[in-house]
Amino acid sequence: MNISFHKYEGAGNDFIILDDRRNRLSLSTAQIARLCDRRFGIGADGLMLLRDCAGADFRMVYFNADGYESTFCGNGGRCIAHYASHILEIAGPAMDFLASDGGHHAEILPDGRVALTMLPVKQIRFFEDHYILDTGSPHYVQLVENVQALDVFAEGKRIRHQPEFEPKGINVNFLQRGTPGNFLRTYERGVENETFACGTGVTAAAIVLSGQQTGHFEIPVTSKAGHYFKVSYDKKSPGAAENIILTGPVHLVFEGNVTVPHH
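Residues numbered from 1 in each chain as written. Predicted model: local features only at pLDDT ≥ 70, side-chain atom pairs only at ≥ 80, totals over all residues. Heavy atoms only, no water.

J.: An account of the layout of surface pockets is requested, with residue identities and associated values reported.
T.: When its volume is computed, the largest pocket comes out at roughly 270 Å³. In terms of lining, the largest pocket is formed by 15 residues, of which the most central are Arg 38, Ala 44, Asp 45, Val 191 and Asn 193. Elements that contribute at least two residues to the lining of the largest pocket include exactly α1 (29–36) and β13 (193–195). If you tally residues by element for the lining of the largest pocket, the top one is β13, at three residues. When its residues are assigned to classes, the lining of the largest pocket shows six nonpolar, three polar and six charged. Taken as a whole, the second largest pocket encloses approximately 200 Å³ of empty space. Residue lining of the second largest pocket: Asn 64, Asp 66, Tyr 68, Glu 69, Ser 70, Thr 71, Arg 160, Lys 168, Arg 189, Gly 190 and Glu 192, and that is the complete set. By residue class, the composition of the lining of the second largest pocket is one nonpolar, four polar and six charged. (1 Å grid on protein atoms, 1.4 Å probe; cavity = no way out; pocket = protein on both sides within 12 Å on 5 of 7 lines; lining within 4 Å. Points joined across faces, edges and corners; volume = space filled by probe spheres on them. Helix = DSSP H or I, 4+ residues; strand = E, 2+ residues; numbered from the N terminus. Nonpolar A, V, L, I, M, F, W, Y, C, P; charged D, E, K, R; others polar.)

Structure representation (structure tokens):
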């Protein structure tokens, strides 16, 4: 089977996007994992299908690099919004789409960045040395003194597989407050490695940075690739957040055709 694809990246978090508006693509877990493989495939942190959706501009179906369908991906959502508007031209600069966690609104800004509305966070769990919250995907956020010196792979893997987070695991974030833009590094489940950026992780980190405060916040967060994000949100109570908007860069890397192995 030969299919056309577009490769996108959002702050170094990279994705394969396929046009499946006719709902004809049926890829196995092994096929998706092969396409995402950086030696034997196109190479990506995840793969997305864009499908038609009644009542919205499109539906986003997201798979991690391991080939399994996953929860919401913030950078993936920003990338597929750009794809829908600039490549398929099925939406304008402002659009609504459906994802695994519900409906989202996205806007392509004049400078090319994409602003994505995230679903409200209903509970922020505060612990002695970390926070847990769900921003479309579950996240563990730990504040650290020197994030550059940390072995993110080893420590992230250890936390991700702790029994309390099984069977699906959790994404693990290490955040250094006050560095230029608040520096974040993330170990992502499904990729099973550190990624260059994580949109839902950036969102979780920004919300954590307001601590027990309430009010309106606009928080910068810097990814491993050095890209800046802005996260704005409101907190009426310390343990929840709403009106969340994630803004960051998006770029089309290349497009092409690939032969998908049969297995």
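So that's the structure; there's more coming.
J.: Give me the pairing of strand β10 (residues 138–143): which residues, what numbers.
T.: The buried fraction of β10 is high, at five of six residues. Across four bridges, the pairing between strand β9 (residues 131–134) and β10 is antiparallel. Bridged to Tyr 131 within β10 is Val 141. Hairpin connection between β9 and β10: a loop of three residues separates the two successive antiparallel strands, and Gly 136 in this loop has a positive phi of roughly 105 degrees. Bridge analysis of β10 against strand β11 (residues 171–176) gives five bridges, and the strand direction is parallel. Looking at the pairing, His 139 lines up with Asn 171 of β11. Where the polypeptide runs from β10 across helix α3 (residues 152–160) and back to β11, its parallel neighbour, the crossover connection is right-handed. (Buried < 20%, exposed > 50% of the residue type's maximum accessible area, 1.4 Å probe, protein only. Pairing = 2+ DSSP bridges. Right-handed = clockwise from strand over helix to strand, strands pointing away.)

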